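Structure assessment
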Amino acid sequence: MFIETRGNDKTRASEVEFSYAIMNPSASFGGLYVPAFLPKIDLEFLKEATKKSYKELTLDVLKLFKIDIKESVLKEAIDLYDKFDNPNEPVPLAKIKDDLFVNELYHGPTRAFKDMALQPFGHILSHLAKEQNQDYLILAATSGDTGPATLESFSNRPNIKVACLYPNGGTSDVQRLQMVTVDGKNLKVIGIEGNFDDAQSALKSLLASQTFKDELEKSDIKLSAANSVNFGRIIFQIVYHIYAYVSLLKQNEINLGDKFYQIVPSGNFGNALGAYYAKKMGLPIEKILIASNINNILTDLITKGEYDLRDRKLLLTTSPAMDILISSNVERVLFDKFGAKRTKELMDELKQNSVYKLSKEELNELQEDFSAIWCDDSFAKETIKEFANGGYVMDPHTATCLKAYNELKEKELACVMCSTAEWTKFAPTMLNAIKEDDKRYSDKEALEEISKELKVKIPQSISSLFEKEITHKDVVKKEDIESNILGFIK
Ligand SMILES: *Cc1c(COP(=O)(O)O)cnc(C)c1O
């Protein structure tokens, strides 16, 4: 069963099933749904997992949660990993130093780790909608990778419409093209004049708006969301952290029971939350190291116990998927550690005063699981160049992990860093890094030049974007989002 991070307001059930939580992701007082209990995995489970494929492990982990989705549906959902580069190994683990490994999470259709969760999640959600014979509008707000992955996953699925909000000018060209060229009559893509936090807060207020819901009701449509506030995504994000450990075992890099560090380049904290749940379930993680860019609010939270938005403005960086100040999934960690009453108190403070502070004891508890550090764009670029020279190409988000590897690792243990996107999504930044210049390259020329220089392939799904017709042209002001979406519905 699933319960609420800010407690129950008595207008809805205090415990709900998984299917309800993913179809109706906003809980009492603006909170989120979380599992009432976390299943355990032990060393025997991990040992058995070395004999299994990624897909088999995923099914095993999902079954531990005893969710109300039929096994046959789960299997169909998991089979969507067949769309990845190598269906037998959708998530390869690469070794780049003696003790440093890269969990390559980007081999799916839209070349970012969002596919890991959104591919299977899309199938489950549309299955439920069809079963209920109910139409749903799925809202997504994106800083660049969630949008394409959501649209890909839901394109032409029955009973589902998608409205996707992206910050106009806040994404790479490839990311924008992945969205504005999609086909699928059930999809609507809207650029907004604002940044990602604006897109996300527009989404949250639409989800909470009774008038918006009433309007949808007239067309017999219900509302849901595909952001990582939806637990249906988080559950799939637990699995690849476990699988990384299994891969280390299979490659004889560690012995069963050894601990390891998990480094996560973080924005909305969904990926990191997956690692946290995996650790609580029993995966031998020494610590989760949170990497940020100069939007380093998570570093402040984890090192000082302060979440302070007062003197902050969102800064644009070369790792745009991490340009976030309101990191939604932190709330689930707060709930897990400090309970619903305290979580509501902290979230209310953030809303009213734009700041909350943890007590010393609370900070200590947080630091038992997490360490954090940030780096600037020039560090990321130097890292990209250094590794490219050594034969490994990583994207600007992944590169932020090296700062954590250099400075936060206290013990001689294996380190796994999550690679969250393929370099092809951020080619101009890659070329700037490699040439040590700051020219403004187009995505197309940068892709071609890097491909030639570093002898790496551009997948067909990326190179074909430049020939496609742009079918979604709307760019609107924040206050016009609602009417734009209602126009699409009608
Ligand atoms: C979404 C994203 C992130 C941030 O992940 P969260 O789960 O939101 O913390 C990091 N890197 C890339 C490339 C992403 O697309």
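Heads up: these notes are all about the structure in this document. (Residues numbered from 1 in each chain as written. Predicted model: local features only at pLDDT ≥ 70, side-chain atom pairs only at ≥ 80, totals over all residues. Heavy atoms only, no water.)

Re the packing of aromatic side chains
Counting across every chain of the model gives 13 aromatic pairs. Between Phe121 and Phe154, the aromatic rings sit 6.5 Å apart at their centres with planes inclined by 85°, giving edge-to-face as the arrangement. With Phe121 in helix H5 (residues 114–131) and Phe154 in helix H6 (residues 146–154), the pair connects residues that are 33 residues apart, well separated along the chain. Both residues of the pair, Phe121 and Phe154, count as buried. Aromatic side chains Tyr245 and Phe260 sit 5.3 Å apart centroid to centroid with 50° between the ring planes, which places their arrangement in the tilted category. (Phe/Tyr/Trp six-rings, centres within 6.5 Å; stacked < 30°, edge-to-face > 60°. Helix = DSSP H or I, 4+ residues; strand = E, 2+ residues; numbered from the N terminus. Buried < 20%, exposed > 50% of the residue type's maximum accessible area, 1.4 Å probe, protein only.)

With respect to helix H12 (residues 297–304)
Across the eight residues of H12, six count as buried, placing the element largely inside the fold. Those residues of H12 that sit buried are Ile297, Leu298, Thr299, Asp300, Leu301 and Ile302. As for H12, its buried residues are in contact with strand E10 (285–292), strand E11 (306–308), helix H13 (330–353), strand E12 (355–357), helix H14 (360–369) and strand E13 (370–374). Of the residues one or two after H12, Gly305 is the one with positive phi, at around 80°. (Contact = heavy atoms within 4.5 Å.)

Considerations on the sheet that holds strand E3 (residues 93–97)
Strand order in this open sheet of six strands is E3-E4-E14-E9-E10-E13, and the pairing throughout is mixed. Each edge of the open sheet is held by one strand with a lone partner, namely E3 and E13. Between one strand and the next, the sheet's axes are offset by a mean angle of 25°, whatever the strand orientation. Bridge analysis of E10 against E13 gives five bridges, and the strand direction is parallel. Note on E13: the bridge partner recorded for Ser292 is Trp374. Strands in contact with H12 are E10 and E13; relative to E13, the strand with the most contacts, it is inclined by about 140°. (Pairing = 2+ DSSP bridges. Axes fitted to C-alpha atoms, helices over the stretch in contact; angles between N-to-C directions.)

Some words on the packing of H12 against H14
Axis separation between H12 and H14 bottoms out at 8 Å; the angle between their running directions is 115°. Between H12 and H14, the angle falls in the class roughly perpendicular. Residue-level inspection shows Leu301, Ile302, Thr303 and Lys304 of H12 in contact with H14, the latter providing Leu363, Leu366 and Gln367. When its residues are assigned to classes, the contact of H12 with H14 shows four nonpolar, two polar and one charged. (Parallel < 35°, antiparallel > 145°, perpendicular 65-115°, else oblique. Nonpolar A, V, L, I, M, F, W, Y, C, P; charged D, E, K, R; others polar.)

Re the nonpolar core
Formed by 148 residues in total, the largest nonpolar core has its most connected members in Ile242, Tyr277, Leu283, Ile290, Tyr356, Phe370 and Met417. Considering every element that reaches this core, the biggest residue donor is helix H10 (residues 231–250), with 14 residues. Listed in part, the 25 residues of the second largest apolar core include Ala141, Phe196, Leu206 and Ile221. (Core = buried A, V, L, I, M, F, W, Y, C linked by side-chain atoms within 4.5 Å.)

Here's the deal with the site of the ligand
Around the ligand, a shell composed of 15 residues is seen, among which Lys114, Asp145, Gly267, Asn268 and Thr420 lie nearest. At 2.4 Å from an oxygen atom of the ligand is found a side-chain nitrogen or oxygen belonging to Asp145. Within the backbone of Phe269, a nitrogen or oxygen atom sits 2.8 Å from an oxygen atom of the ligand. (Near = heavy atom within 4 Å. Polar contact = N/O pair within 3.5 Å; in protein donor to acceptor, adjacent residues only side chain to side chain.)

Here we look at a negative patch on the surface
Residues Asp135, Asp214, Glu217 and Asp220 make up a contiguous surface patch of negative charge. Here Asp135 shows up in strand E5 (residues 135–141). (Patch = residues over 30% accessible without salt bridge, like charges linked within 9 Å, V, L, I, M, F, W, Y side chains within 5 Å. Areas by Shrake-Rupley, 256 points an atom, 1.4 Å probe, with all protein chains shown as cover. Salt bridge = Lys/Arg side-chain N within 4 Å of Asp/Glu carboxyl O. Lys, Arg positive; Asp, Glu negative; His and termini not counted. Charge placed at Lys NZ, Arg CZ, Asp CG, Glu CD.)

Concerning helix H3 (residues 54–64)
All buried positions along H3 are accounted for by Tyr54, Leu57, Thr58, Leu59, Val61 and Leu62. Looking at the residues trailing H3, positive phi occurs at Lys66, about 50°.

Brief notes about the pairing of strand E8 (residues 221–225)
When you tally the buried positions in E8, you get four out of five residues, the bulk of the element. Both E5 and E8 contribute to a ladder of five bridges, which runs parallel. Each residue of the ladder has a partner; that of Tyr136, found in E8, is Lys222.

Some thoughts on the pattern of salt bridges
Two side chains bearing opposite charge may form a pair once their charged atoms approach each other closely. Scanning the model with the defined rule gives 34 salt bridges in all. Its salt-bridge partner being Lys411, residue Glu286 comes within 2.9 Å of it at the nearest N-O pair. You can see Glu286 sitting in strand E10 and its partner Lys411 sitting in the loop between helix H17 (401–408) and strand E14 (414–419), a full 125 residues away along the chain. Judged by its relative accessible area of 17%, Glu286 is buried. The exposure class assigned to Lys411 is partly exposed, which follows from its relative accessible area of 42%. A salt bridge links Lys435 to Glu449, with the nearest nitrogen and oxygen atoms 2.7 Å apart. Taken as a pair, Lys435 in helix H18 (residues 427–435) and Glu449 in helix H19 (residues 443–454) lie far apart in primary sequence, 14 residues in all. On the basis of relative accessible area, Glu449 is assigned to the partly exposed category, the value being 24%. Connected via shared salt-bridge partners are Lys55, Asp79 and Asp82.

Some thoughts on the pairing of E10
By the criterion of burial, E10 is predominantly enclosed, with eight of the eight residues buried. Sheet topology note: the strand E9 (residues 260–265)/E10 ladder contains six bridges and is parallel. If you follow Ile263 over to E10, its bridge partner there is Leu289. Taken together, E9, helix H11 (residues 270–281) and E10 constitute a β-α-β crossover, and its handedness is right-handed. (Right-handed = clockwise from strand over helix to strand, strands pointing away.)

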